[in-house]
Amino acid sequence: MSVNPIVHSAQRAAFSAAIDATIHAVRGKGTEKMSENACKLIDLAQPLLKNRFPDEAFDAARKLVSDPNGKWMQFAYRAINEIDPHILKMNALNLVYEGMLLGYNQVCELREKYQCNMPWILLFDPTSACNLHCKGCWAAEYGNRLNLSYEEMDRLVTEGEELGIHWYMLTGGEPMCRKSDILKLAAKHQESVFHLFTNGTLIDQEFCEEVRKVGNMAFFLSIEGSEESNDDRRGEGIYRKVLHAMDLMKENGLLFGTSICYTSANYKAVTSDEFIDMLIAHGVRFNWYFHYMPIGDGANVNLMLDKDQREYMLHRVREIRGLTGGKEIFCIDFQNDGEYIDGCIAGGRQYAHINPNGDVEPCVFIHYSNANIHDKSLLECLQQPLFKEYHKGQPFNKNHLRPCPMLENPELLGEMVKRSGAHSTDLQRPESTDDVYRRCKPYADQWTPTADRLWAEEHPEKACAACAACTKQD
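Just so it is clear, the model here is predicted, and its values are computed rather than measured. Sequence positions are assigned chain by chain, starting from 1 and proceeding in written order. Since the coordinates come from a predicted model, pLDDT governs what is reported: local features require at least 70, and pairs of side-chain atoms require 80 or more to be given and counted, while whole-chain, interface and lining totals use all residues. The basis for every side-chain value is the complete set of non-hydrogen atoms in the structure, without hydrogens or water.

Asker: For this particular structure, what's the right way to read the overall build of the protein chain?
Answerer: The way it works is that DSSP assigns letters per residue, a run of H or I at least four long becomes a helix, a run of E at least two long becomes a strand, and they are numbered from the N terminus. For the protein chain, the count of helices and strands is 18 helices and 11 strands. On C-alpha atoms alone, the protein chain measures out to a radius of gyration of 22 Å, which is about the 23 Å that the 2.2 N^0.38 rule sets for 474 residues. Each of the three principal axes of the protein chain carries a C-alpha extent, and together these read 60 × 50 × 45 Å. A burial count over the protein chain gives 58% of its 474 residues as buried. Radius of gyration: C-alpha atoms only; globule rule: 2.2 Å multiplied by the number of residues to the exponent 0.38. Burial classes follow relative accessibility: with a 1.4 Å probe on protein chains only, a residue under 20% of its type's maximum area counts as buried, one over 50% as exposed, and anything between as partly exposed.

So, in structure tokens, the structure goes:
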């Protein structure tokens, strides 16, 4: 979609002014004012998304923000008063206006034009290097041999923005090993946001001040429960360093949350009231929960949850983020929230991943590819055979509590890799899909009856179509 630059400039200016006005009107002045201004922002967004969402969706949003005493309005009010105004404005403007509104419309049109998946979120690894040596992490052994140059990252973001992609998540390795290049990248691309997954140990006051200047950055800090369990895996004293980084970021008004891998060993600890309260006290706004994936050397199937543990996670995360009760912190469980996003979002459907070797992969957890950014444009990489297999197969299961072609439907990953001719991109050693299948198949078998029961209870009108006998397998 060709966006008229004059129209774009005027719309962006209008949104920017509305966000500034909202922040100014709300800070220190109560949730009544915030509710009033939130309704104005919804009114501004509705015309841009009228072809994507029904009027009822906007009415529901207005109803949510119309209660100034509601849990999520209290959450938003606290954020507006505690986060630096420039950071708040730049993340809202680029994530909401550029990404979710204008960019997403462009992405949807390109999907139709090219008949393939087209993401609106792009993950990439600036480096394979890391300053820690965590148990079970490939980066600790692989070292700093692989890096995307600044020029390569700049070209990647430039091509992505031309496709309507304005949300970039940086993983690794430890992306903060390249913090000067990342700050430079964020400063150049002021119409996008850059969110870093980091261990937090390289964050200092000088860096916080630079982030406040560029504005368009946010962070996901890795933390996995108690001080003992964290330091056992990551090294002595790391837990305290992460909490210190949180306090420093809170003092500087930065926007940050956590990235939490939950396992059979820590799933209750990382969802406990005590743990959540501790995170909120240190300034955390959101928790992103990721199910443990048994991939690569060092994979430990004993860390995978059993059916009862996974069901506990499903109910507990929804309890934490409920409209009432729970906690004033936003949580996403990427394995159990498939029903809200129509199953798997990988393979370019909503996001794709680029490793530090330049390989364009369907998922941060699925290391196979037909394309590399060193050889092809980003658009060509998104049209690779493996991504087209994803496009044809999604959703991989009509029961969205079984969304993944690897974890819950492990036979499908091998079939797609074989049909597409994709190769392993594992950075330690090539990994056969047969090995992945053997690890995941027992898990899938024991989870299926529970998943089908839960789906039938929550979605009785869809239950028959989603049962194991009717599951899409072509």
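Asker: Help me understand the side chain of Asn230, please; the structure alone is not making it clear to me.
Answerer: Here Asn230 shows up in helix H10 (residues 227-234). In this structure Asn230 comes out as buried when scored by relative accessible area, which is 2%. Within polar-contact distance, the side chain of Asn230 engages the backbone oxygen of Ser226 at 2.9 Å. In this analysis, two residues are considered to be in contact whenever any of their non-hydrogen atoms come within 4.5 Å of each other. Contact partners of Asn230, with chain neighbours within four places excluded, come to Ile223, Glu224, Gly225, Gly235 and Tyr239. Under this definition, polar contacts are N or O atom pairs within 3.5 Å; protein pairs additionally need one hydrogen-donor-capable and one acceptor-capable atom, and for neighbouring residues in sequence, both atoms have to be side-chain atoms.

Asker: What should I look at first to understand the sheet that holds strand E6 (residues 286-291) in this one?
Answerer: Two strands in a sheet stick together by hydrogen bonds in their backbones, pointing the same way (parallel) or opposite ways (antiparallel). The pairing criterion for strands is at least two bridges between them, as found by DSSP. Pairing is mixed in the open sheet, where 9 strands are placed in the order E7-E6-E5-E4-E3-E2-E1-E8-E9. Both outer strands of the open sheet, strand E7 (330-333) and strand E9 (360-361), are each paired with one neighbouring strand and no more. Strand direction decides the pairing type here: strand E1 (residues 121-124) and strand E8 (residues 351-354), joined by 4 bridges, are parallel. When the sheet's bridge partners are listed, Leu123 is paired in E8 with His353.

Asker: Would you take a moment to explain the packing of aromatic side chains for this structure?
Answerer: What counts as a ring pair is set by centres within 6.5 Å for rings of Phe, Tyr and Trp (its six-membered ring), and what kind of pair is set by the plane angle: stacked under 30 degrees, edge-to-face over 60, tilted for all other angles. According to the stated counting rule, one finds 20 aromatic pairs in the structure shown. Here the aromatic rings of Phe197 and Phe220 are separated by 4.5 Å at their centres, their planes lie at 10°, and the arrangement is stacked. Of this pair, Phe197 sits in strand E3 (residues 193-198) while Phe220 sits in strand E4 (residues 217-222); the two residues are 23 residues apart in sequence, bridging distant segments of the chain. For the pair formed by Phe197 and Phe220, the shared burial category is buried. In this scheme, the term charge over a ring applies when either NZ of a lysine or CZ of an arginine sits within 6 Å of the ring centre and within 35 degrees of the ring normal. Above the face of the Tyr150 ring, Lys184 is positioned so that its terminal group lies 4.2 Å from the ring centre. Its guanidinium or amino end placed over the ring of Tyr312, Lys268 lies 5.2 Å from that ring's centre, counting from NZ or CZ.

Asker: Where do I start with the pairing of E8 in this structure?
Answerer: Put simply, side chains in a regular strand alternate between the two faces of the sheet. The alternating pattern of E8 places Tyr351 and His353 and Ala352 and Ile354 on opposite faces, both of which are buried. Between E8 and E9, which pair antiparallel and follow one another directly, the connecting turn spans 5 residues, one of which, Gly358, has a positive phi of 95°.

Asker: Looking at this model, I keep getting lost on the packing of helix H1 (residues 5-26) against helix H5 (residues 85-114). Mind explaining?
Answerer: To obtain an axis, a line is fitted to C-alpha atoms, over the contacting stretch when the element is a helix, and the angle between two such axes runs from 0 to 180 degrees between their N-to-C directions. Here H1 crosses H5 at 140°, and the two axes come no closer than 10 Å. One finds that H1 runs oblique with respect to H5. For the pair H1 and H5, the sense of crossing is right-handed. Two secondary-structure elements touch here, H1 through His8, Gln11, Arg12, Phe15, Ser16, Ile19, Asp20 and Ile23 and H5 through Pro85, Leu88, Lys89, Met90, Ala92, Leu93, Asn94, Tyr97, Glu98, Leu101 and Leu102. Side-chain classes are defined by residue name, with Ala, Val, Leu, Ile, Met, Phe, Trp, Tyr, Cys and Pro counting as nonpolar, Asp, Glu, Lys and Arg as charged, and the others, Gly among them, as polar. The class makeup of the residues in the contact of H1 with H5 is 11 nonpolar, 4 polar and 4 charged. Comment on the angle field: the value is read as roughly parallel under 35 degrees, roughly antiparallel over 145, roughly perpendicular from 65 to 115, and oblique elsewhere. Crossing handedness is defined as follows: a turn of the near helix away from the far one that is anticlockwise and smaller than a right angle gives a left-handed crossing, while the clockwise case is right-handed.

Asker: What exactly am I supposed to notice about unusual backbone geometry here?
Answerer: Most peptide bonds take the trans form, and the phi angle of most residues other than glycine is negative. Here the bond from Gly172 into Gly173 is cis, since omega is 15°, no more than 30 degrees from zero. You can see Gly173 is positioned in the loop between strand E2 (167-170) and helix H8 (179-188). In the segment running from Gln394 into Pro395, the intervening peptide bond is cis, with an omega of -5°. Its place among the elements puts Pro395 in the loop between helix H15 (385-393) and helix H16 (410-420). One non-glycine residue, Gln115, lies in the positive phi region at around 50°. Locating Gln115 in the fold gives a position in the loop between H5 and E1. Unlike most non-glycine residues, Asp342 shows phi in positive territory, near 60°. Tracing the backbone shows Asp342 in the loop between E7 and E8.

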